[in-house]
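Listed below, chain by chain, are the residues.
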Amino acid sequence: MDRLAKVFTQQDELIAPVAAYQNEYEAIKALHSLPGEKRQHFQELTLKLLDDLEQPHIRESCAERSRQWREQGNLLFRSSSKDLGSDADAERVLGACRLYTKAVLAAEDAESELCLAFANRGMALQEYGYYQEAYDDCANALDCGYPVKLQHKVIFRQAHCAWKLKRIEQLAEHILCLEKLELNESFRQQLEDLKRSLELLQSQSSNDKSVNDQEKTGPIHEIVTESGSRGRYMIAKEAIPQGKIIFREQATCFVPLEQRLICQQCAASLLCAPIPCPQCRQRVVYCSRQCRERHKPIHKFECAAYRKDLLKMVGVSHLALRMVLSYMPSMLPKLQECPDSSEMWATITTLAKGADNENEPTPQYLQSLRMISHLDKAPQAELVYHMLCANLLQLYLKDCTNFFDQFQAMTAPIEDWHLFLAALILRSAGQLLVNGHVGDALLPVDLEASEFGLLQPEMWLKPRHLKLGQMHNLSQTEPLTAINLPYLSLCNHACAPSIRTKFDGCTAVCQSAVELEAGEEIFNCYTMDYKRSMIRQRSQPLQQVYKFDCSCEKCTRSDPDQDYLKFHRYRCENPNCLQEFVPKPLPHQTNLNWWMHPPDATVASVCCPVCKETQAFSWYNDFLCLIDCCGEAKARRALYKAFDGLDKWLLEHHILKGKLAEMIIEACFAEMDEGCVLDDVDYENLMRIIGTQLEGTAAHSGGTSMEYLSQMTYLWDLWALSKCKRSDQQQQEMRGKLEYLAGEQREIFENYYNDFIVQQ
Ligand SMILES: [Zn+2]
Ligand SMILES: [Zn+2]
Ligand SMILES: [Zn+2]
Ligand SMILES: [Zn+2]
């Protein structure tokens, strides 16, 4: 990162003074028209940086590391755990899948090792029951040159998986291929068996109709309006009840945040057999061969950048680059006749100003071109940074990829395409600063960056079935993607949003958060909402990033913080006072969470406005001490009592009560994970505490929020573990929450519900 900052500083000096900003095109043009010597130095700095970023790569060391992981995998896979029961056996096989995955990643482009790692992982995946992934791994092994004389074994495995997956065509194809090979007696026998299986499948398939796997699209209730000065916004076309899915938007462009290893094509986050690109240093993976294939048109231009680790340095410009790479094929027909870059820019600007056609959906590239940008209002340093990023990425495409070859046959000279491309990246970056979204998902707790959720042997019983008591280990909400959703971006901001957005891979699912009347505007909240922040906490980002002062109904009422303060009601500790109160925020205070600040901070004191006494909150430290020893039954009992005692000082759904409940629950479950055995008294108390906490979360964040779903996992574990009573209604209500989970997670929750919770 330092290296980039250094180069940018030098370049910044070369281009100073920067002329007043007009638009992205003029800004980049200024860079491209520096006087001769300066321009040369400027370009050399970028090229040198690109050159320096190439890291040494020793294929032999990759092969060696991969071999070591594979051998560890072999050792585990072949070890006998049959006597230990089926649980231990499942752990053995999944543990081997995990080690083979490390071998697959470590091999990078050392194909002699890579093919063996794939083949062995395929074997373990097949045994565990991940047939689709095993099938893919066999194909991967064959692709990377698996030894010819052993190939029949891999093809047999593929055929077996195809049979398990009921893929008639593929099975027939593999049988045909095997028939051509010379096989020994035992393999010939296996082949005969496969043929019989194929016949059986064929006879069955004529009976059942093929499933219609049409993409489920919710009813569209919303409507986009354009009206002069107000710009574009969304209104409800008809009355919409609360909790209905209003629309889904599938993103064409997203990038993993913090280089997370999620599928680069579909954003799947729970992978059991990640397939890496062997060329870019274990930084890019896919969930399947199909996703890898689909992502090729993009990745072929990003691969070298990943190899140089360039993309993590440029922040939002990576997603901007991806937008340009993705949308260019759609824009090209409109640009090919343009004689020069200025005409191209004019064409793009005209397209961006055009109106939507009511009769057909607007293509995503056009929707994106129409997103607003506030680059013109950005401080100069910020603007220059984004200009230099755009220039860097354009020069990267020119110098390290053949991206610009496609423009050779176009009318405009290639230099004009260079300029235009950089301007387009800058434009997209500026748009993303105010329109970009962050997608999240529930993931295993405390998972290391190089680990994969589905490959943790201690969590899983069989494919996508958790072990009893493991649900709470799937409760971490993690930001995963920076994602471009131009349709959702049409919603204006209000601090009380009318929609709630959930992410299902790279699809955003938007539900109504409240009841909406026909004709009512649909708002999204760009920052923390009115229940979770004070007006002065959210007004700063709204002003800095989005360049407006909020005038929504919550911000303009006489007491804009009243809904926030509801969750901060205390009773005074002074025995002569005992009045209920909410603390009065000091002028510089942006929140009232004194427990999050160091004890000596001035904001940490809460004063009763009636008797003026500073609250000591001695119960708070006592509470923390008890949490520390909650491995002991006695301390736990005291803790439950202390929790009930909080009701005296923390009123209604006080936010701190929720935090403390969370601490008790997490600490007790951590003890359980360590082997501590809880009894019925524990279960009963924990159940009550979780109930209180869920109620508070529902009031604070909503009953379908990620916070709620994440905390619900503890309740499900308790239900599953303790066999304690719950009403059918409670059970149905919790099952109903599944609807609000992403597909990957929903399947796992559903399995858990059916395996351990449903009561016959
Ligand atoms: Zn995928
Ligand atoms: Zn690559
Ligand atoms: Zn507001
Ligand atoms: Zn008082």
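None of these values were measured; they are calculated from a predicted model.

Colleague: Quick question: what am I supposed to make of the coordination of the zinc ion (ligand 2) here?
Modeller: Metal coordination angles have textbook ideals: 109.5 degrees for a tetrahedral set of four donors and 90 or 180 degrees for an octahedral set of six. Protein-derived coordination of the zinc ion (ligand 2) comes from Cys277 (SG), Cys280 (SG), His299 (NE2) and Cys303 (SG), at a distance range of 2.0 to 2.3 Å. As a motif over one chain, the donors of the zinc ion (ligand 2) read C-x2-C-x18-H-x3-C. There is no split in this pair, since Cys277 and Cys280 are both buried.

Colleague: I would appreciate a short explanation of the pattern of salt bridges in the present structure.
Modeller: Once their charged atoms are close, side chains differing in charge can pair, the charge on each being opposite to the other. Applying the stated criterion across every chain, the model contains 38 salt bridges. The residue Glu451 makes a salt bridge to Lys102 at a minimum N-O spacing of 3.2 Å. On the criterion of sequence distance, the pair formed by Glu451 in the loop between β7 (437-443) and β8 (460-462) and Lys102 in helix α5 (residues 86-107) is long-range, its members being 349 residues apart. An identical accessibility class is assigned to Glu451 and Lys102; each is buried. Within this structure, Glu64, Arg67, Arg70 and Glu113 form a network of salt bridges that share partners.

Colleague: Looking at this model, I keep getting lost on the coordination of the zinc ion (ligand 4). Mind explaining?
Modeller: Protein-derived coordination of the zinc ion (ligand 4) comes from Cys572 (SG), Cys577 (SG), Cys608 (SG) and Cys611 (SG), at a distance range of 2.2 to 2.4 Å. For the zinc ion (ligand 4), the four donor atoms are set out with angles of 97 to 117° between them, so the coordination reads as tetrahedral. Read in sequence order, the donor residues coordinating the zinc ion (ligand 4) give the pattern C-x4-C-x30-C-x2-C. Here the residue Cys577 occupies a position in the loop between β15 (570-571) and β16 (580-581), and Cys611 occupies one in the loop between β16 and α20 (618-628), the gap between them amounting to 34 residues.

Colleague: Mind showing me how you'd approach the nonpolar core here?
Modeller: One recurring pattern in soluble globular proteins: nonpolar side chains tend to sit buried together. Residues Met328, Trp417 and Trp716 are the most contacted members of the largest nonpolar core, which totals 211 residues. The leading source of residues in this core is helix α16 (residues 414-435), at twelve residues. Composition of this core by domain shows at least three residues from each of domain 1 (59-200) and domain 2 (616-725). Leave out the neighbours within four places in its chain, and Met328 touches Leu335, Phe403, Phe407, Phe420, Leu421 and Leu424.

Colleague: Looking at this model, I keep getting lost on the side chain of Lys467. Mind explaining?
Modeller: Relative to the assigned elements, Lys467 resides in the loop between β9 (465-466) and β10 (476-483). Those residues in contact with Lys467 that lie beyond four places of it in its chain are Glu91, Pro457, Glu458, Met459, Trp460, Leu461, Tyr752 and Phe756.

Colleague: Hey, could you run me through the sheet that holds strand β4 (residues 254-256) in this one?
Modeller: In a beta sheet, neighbouring strands pair by backbone hydrogen bonds and run either parallel or antiparallel. Taken in spatial order, the three strands line up as β4-β10-β7 in an open sheet, and their pairing is antiparallel. Each of the sheet's edge strands pairs with one partner strand only, and the pair in question is β4 and β7. For this sheet the average axis-to-axis angle between neighbouring strands, irrespective of direction, equals 40°. Where β4 and β10 come together, three bridges link them in antiparallel fashion. Paired with Val255 across the strands is Ala482, a residue of β10.

Colleague: So what exactly am I meant to see when it comes to the environment of Ser368 here?
Modeller: Residue position: Ser368 is located in helix α14 (residues 364-369). C-alpha of Ser368 to C-alpha of Asn484: the two residues are 116 residues apart in sequence and 8.1 Å apart in space. Not counting residues within four places of it along the chain, the set of residues in contact with Ser368 comprises Met323, Tyr327, Gln431, Asn484 and Pro486. Within the structure, Ser368 has its side chain in polar contact with the side chain of Asn484 (distance 3.1 Å).

Colleague: How should I be thinking about the confidence of the model for the protein in this particular structure?
Modeller: Low-pLDDT stretches of the model should not have their predicted coordinates read in fine detail. Within the protein, residue pLDDT values average 92, and 96% of them lie at 70 or more. Taken as a whole, residues 210-215 scores under 50 in pLDDT and shows zero contacts with residues more than four places along the chain or in a different chain.

Colleague: I tried to follow the pairing of strand β13 (residues 507-512) on my own but got confused; where do I start?
Modeller: Residues in a regular strand point their side chains to alternate faces of the sheet. Summarising burial for β13: six of the six residues are buried, a large majority. Sheet topology places strand β3 (residues 245-250) next to β13; five bridges connect them, and they run antiparallel. Within β13, the residue paired with Arg248 across the bridge is Val509. Note: strand β12 (residues 499-504) against β13, six bridges, orientation antiparallel. Looking at the pairing, Ile499 lines up with Ser512 of β13. Counting the residues that bridge the hairpin from β12 to β13 gives two residues, and of these Gly505 lies at a positive phi of roughly 65°.

Colleague: Could you clarify how one ought to interpret unusual backbone geometry in this entry?
Modeller: If a residue is not glycine, its phi is most likely negative; likewise, a peptide bond is most likely trans. In this structure, Pro17 follows Ala16 across a cis peptide bond, with omega equal to -5°. Looking at the secondary structure, you find Pro17 in the loop between α1 (2-15) and α2 (24-32). Of note in this structure, Ala267 is not a glycine but carries a positive phi near 65°. Locating Ala267 in the fold gives a position in the loop between β4 and β5 (275-276). A positive phi angle, near 55°, is found at Leu578, a position not held by glycine.

Colleague: Help me understand the sheet that holds β12 in this model?
Modeller: Ordered by their spatial adjacency, three strands build an open sheet running β3-β13-β12, and the pairing between neighbours is antiparallel. Each having just a single partner strand, β3 and β12 make up the two edges of the open sheet. With direction set aside, neighbouring strand axes in the sheet form an average angle of 20°.

Colleague: Can you walk me through the layout of surface pockets in this structure?
Modeller: Think of a ball as big as a water molecule: rolled over the atoms, this probe shows where empty space is left. In this structure, the second largest pocket encloses a volume near 1,300 Å³. If you go around the second largest pocket, you meet 48 residues; those closest to its centre are Gln250, Cys266, Asp504, Cys506 and Thr507. Elements supplying a minimum of two residues to the lining of the second largest pocket: β3, α11 (289-308), α12 (316-335), β12, β13 and α26 (743-757). The element best represented in the lining of the second largest pocket is α11, accounting for eight residues. Grouping the amino acids of the lining of the second largest pocket by side-chain chemistry returns 21 nonpolar, 14 polar and 13 charged.

Colleague: Sorry, what's going on with the environment of Pro274 here?
Modeller: Mapped onto the elements, Pro274 comes out in the loop between β4 and β5. Along the chain, Pro274 and His437 lie 163 residues apart, while their C-alpha atoms are 25 Å from each other. The contact partners of Pro274, leaving out residues within four places of it in the chain, are Thr101, Val104, Arg121, Val285, Tyr286 and Phe452.

Colleague: Help me understand α11 in this model?
Modeller: Structural remark: α-helix, 3.6 residues per turn; residues separated by three or four positions point the same way. Helix length check: α11, at 20 residues, gives a terminal C-alpha distance of 24 Å against a target of 28 Å (1.5 Å per residue), a shortfall beyond 12%. For α11, the principal kink sits at Lys296 and spans about 65°; a proline, Pro297, occurs within the next four residues. Within α11, burial applies to Cys291, His295, Ile298, His299, Phe301, Glu302, Cys303, Ala304, Ala305, Tyr306 and Lys308. Against the buried residues of α11 lie α3 (36-53), β4, β6 (285-286), α12 and α15 (380-400). Positive phi appears at Asp309, one or two residues downstream of α11, with a value of about 60°.

What counts and what doesn't
- Residues numbered from 1 in each chain as written.
- Chains lettered and ligands numbered in written order.
- Predicted model: local features only at pLDDT ≥ 70, side-chain atom pairs only at ≥ 80, totals over all residues.
- Heavy atoms only, no water.
- Donors = N, O, S within 2.8 Å, 3.2 Å for Na, K, Ca; no water.
- Buried < 20%, exposed > 50% of the residue type's maximum accessible area, 1.4 Å probe, protein only.
- Salt bridge = Lys/Arg side-chain N within 4 Å of Asp/Glu carboxyl O.
- Helix = DSSP H or I, 4+ residues; strand = E, 2+ residues; numbered from the N terminus.
- Tetrahedral: all angles 85-135°; square planar, octahedral: opposite > 155°, others 65-115°.
- Core = buried A, V, L, I, M, F, W, Y, C linked by side-chain atoms within 4.5 Å.
- Domains from an automatic or database assignment.
- Contact = heavy atoms within 4.5 Å.
- Pairing = 2+ DSSP bridges.
- Axes fitted to C-alpha atoms, helices over the stretch in contact; angles between N-to-C directions.
- Polar contact = N/O pair within 3.5 Å; in protein donor to acceptor, adjacent residues only side chain to side chain.
- pLDDT = per-residue confidence, 0-100.
- 1 Å grid on protein atoms, 1.4 Å probe; cavity = no way out; pocket = protein on both sides within 12 Å on 5 of 7 lines; lining within 4 Å.
- Points joined across faces, edges and corners; volume = space filled by probe spheres on them.
- Nonpolar A, V, L, I, M, F, W, Y, C, P; charged D, E, K, R; others polar.
- Expected span 1.5 Å × (residues − 1).
- Bend = angle between axes of the 7 residues up to and from the residue.

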